[in-house]
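The residues making up each chain are set out below.
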Amino acid sequence: MKHNLYMYIFVMAAVTYLIRMLPLTLIRKEIKNTFIKSFLYYVPYVTLAVMTFPAILTATANIWSAAIGFAIALILAWNRKSLICVSLFSCAGVFLVELLTEL
């Protein structure tokens, strides 16, 4: 079986284009259903969360340090702290747990 790189690129481009083009051409009216509107509103956030969460758990050498860092970030973000504060304290928590598990 001969592999054709250009065919792979064409299929990928067509599928990517169709995903973006079809809603624009098929849905002409304004969406009035509140369920569908709220669903479409939250799709980017859910997609980002689904891609980020596994990376959080596998980014460190120890699952416990990843869980502690995630918990710290979750608590600080829930309390509406700044992004720099959340990231610094989360990284510090991971560093301390990694340091303690090495001993």
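Along each chain, numbering runs from 1 in the same order as the chain's sequence is written. A pLDDT threshold of at least 70 governs which residues receive local features in this predicted model, and a stricter bar of 80 or more applies before side-chain atom pairs are shown or counted, although totals over entire chains, interfaces and linings include all residues. Processing note: side-chain calculations cover all non-hydrogen atoms of the structure and skip hydrogens and water entirely.

J.: What should I look at first to understand the packing of helix H3 (residues 63-78) against helix H4 (residues 83-102) in this one?
T.: When two helices pack together, you describe them by how their axes are tilted relative to each other and by the distance separating the axes. The axes are straight lines fitted to the C-alpha atoms, using for helices just the contacting stretch, and the angles between their N-to-C directions are given from 0 to 180°. We count a stretch as a helix when DSSP gives it H or I for four or more residues in a row; a strand needs E for two or more, and each element gets its number in order from the N terminus. Between H3 and H4, the shortest axis-to-axis distance is 8 Å and the interhelical angle comes to 155°. It follows from the interaxial angle that H3 and H4 lie roughly antiparallel. H3 and H4 meet at a crossing whose hand is right-handed. Of the residues in H4, those touching H3 at Trp64, Ser65, Ile68, Gly69, Ile72, Ala73, Leu76 and Ala77 are Cys85, Val86, Phe89, Ser90, Gly93, Val94, Val97 and Glu98. Residue type decides the class: Asp, Glu, Lys and Arg count as charged, Ala, Val, Leu, Ile, Met, Phe, Trp, Tyr, Cys and Pro as nonpolar, and the leftover types, Gly among them, as polar. Split by residue class, the contact of H3 with H4 holds eleven nonpolar, four polar and one charged. For classification, angles of less than 35 degrees are called roughly parallel, those exceeding 145 degrees roughly antiparallel, those between 65 and 115 degrees roughly perpendicular, and all remaining angles oblique. Left-handed is the label given to a crossing in which the near helix is rotated counterclockwise from the far helix by less than a right angle, and right-handed is the label when the rotation is clockwise. Contact definition: two residues touch when any of their heavy atoms are within 4.5 Å.

J.: Can you help me understand the layout of surface pockets in this one?
T.: Using a probe with the size of a water molecule, rolled over the atoms, empty space left in the structure can be pinpointed. In this structure, the largest pocket occupies an estimated 280 Å³ of space. The way it works is a 1 Å grid over only the protein atoms, where trapped points that fit a 1.4 Å probe form a cavity and open points with protein on both sides within 12 Å along at least five of seven lines form a pocket, and then any residue with an atom within 4 Å of a point lines it. Around the largest pocket, the lining residues are Tyr45, Leu48, Ala49, Thr52, Phe53, Ile56, Phe70, Ala73, Leu74, Ala77 and Val86. Contributing elements (two or more residues each) for the lining of the largest pocket: helix H2 (34-58) and H3. The element best represented in the lining of the largest pocket is H2, accounting for six residues. Partitioned by chemical class, the residues of the lining of the largest pocket number ten nonpolar, one polar and no charged. Grid points are joined across faces, edges and corners, and a volume is the space filled by probe spheres set on the points.

J.: Help me understand H4 in this model?
T.: Structural remark: α-helix, 3.6 residues per turn; residues separated by three or four positions point the same way. Between its first and last C-alpha, H4 extends 29 Å over 20 residues, near the 28 Å set by a 1.5 Å rise per residue. Against the buried residues of H4 lie H3. Expected span of a helix: the number of residues minus one, times 1.5 Å.

J.: Explain the confidence of the model for the protein chain here, please?
T.: Any region with low pLDDT has predicted coordinates that should not be read closely. Think of pLDDT as the predictor's per-residue confidence, scored from 0 to 100. Scored by pLDDT, the protein chain comes out at a mean of 91, with 98% of its residues at no less than 70. Here helix H1 (residues 5-26) stands out as the element of the protein chain with the lowest mean pLDDT, 89, in contrast to H3, whose mean of 96 is the highest.

J.: Help me understand H3, please; the structure alone is not making it clear to me.
T.: With 16 residues, H3 extends 22 Å between its outermost C-alpha atoms, agreeing within 8% with the 22 Å of an ideal straight helix rising 1.5 Å per residue. Considering only its buried residues, H3 is in contact with H2 and H4.

J.: I tried to follow unusual backbone geometry on my own but got confused; where do I start?
T.: Across the chain, the bulk of peptide bonds are trans and the bulk of non-glycine residues have phi less than zero. Not every positive phi belongs to a glycine, and Arg80 is a case in point at roughly 60°. Position of Arg80 relative to the elements: it lies in the loop between H3 and H4. Remark: exposure states derive from per-residue accessible area (1.4 Å probe, protein chains only) relative to the maximum for the residue type, with buried under 20%, exposed over 50%, and partly exposed in between. Here Arg80 falls in the exposed class, since its relative accessible area comes to 77%.

J.: Could you clarify how one ought to interpret the side chain of Ser65 in this entry?
T.: Here Ser65 lies in helix H3. The exposure class assigned to Ser65 is buried, which follows from its relative accessible area of 0%. Dropping the residues within four chain positions of it, Ser65 is found in contact with Thr60, Val94, Val97 and Glu98.

J.: Is there a simple way to explain a nonpolar patch on the surface in this structure?
T.: A cluster of nonpolar residues, Leu5, Tyr6, Tyr8, Ile9 and Met12, forms a patch on the protein surface that exposes about 610 Å² of accessible area. Checked against the element boundaries, Met12 lands in helix H1. Look at Met12 and you get exposed, because its relative accessible area is 53%. Exposure above 30% relative accessible area and no salt bridge define the residues that can form patches, which grow by joining like charges within 9 Å and nonpolar side chains of Val, Leu, Ile, Met, Phe, Trp and Tyr within 5 Å. Using a 1.4 Å probe, the Shrake-Rupley method yields the accessible areas, and only the shown protein chains count as cover for residues. Note on definitions: salt bridges are taken to be side-chain nitrogens of Lys or Arg within 4 Å of carboxyl oxygens of Asp or Glu.

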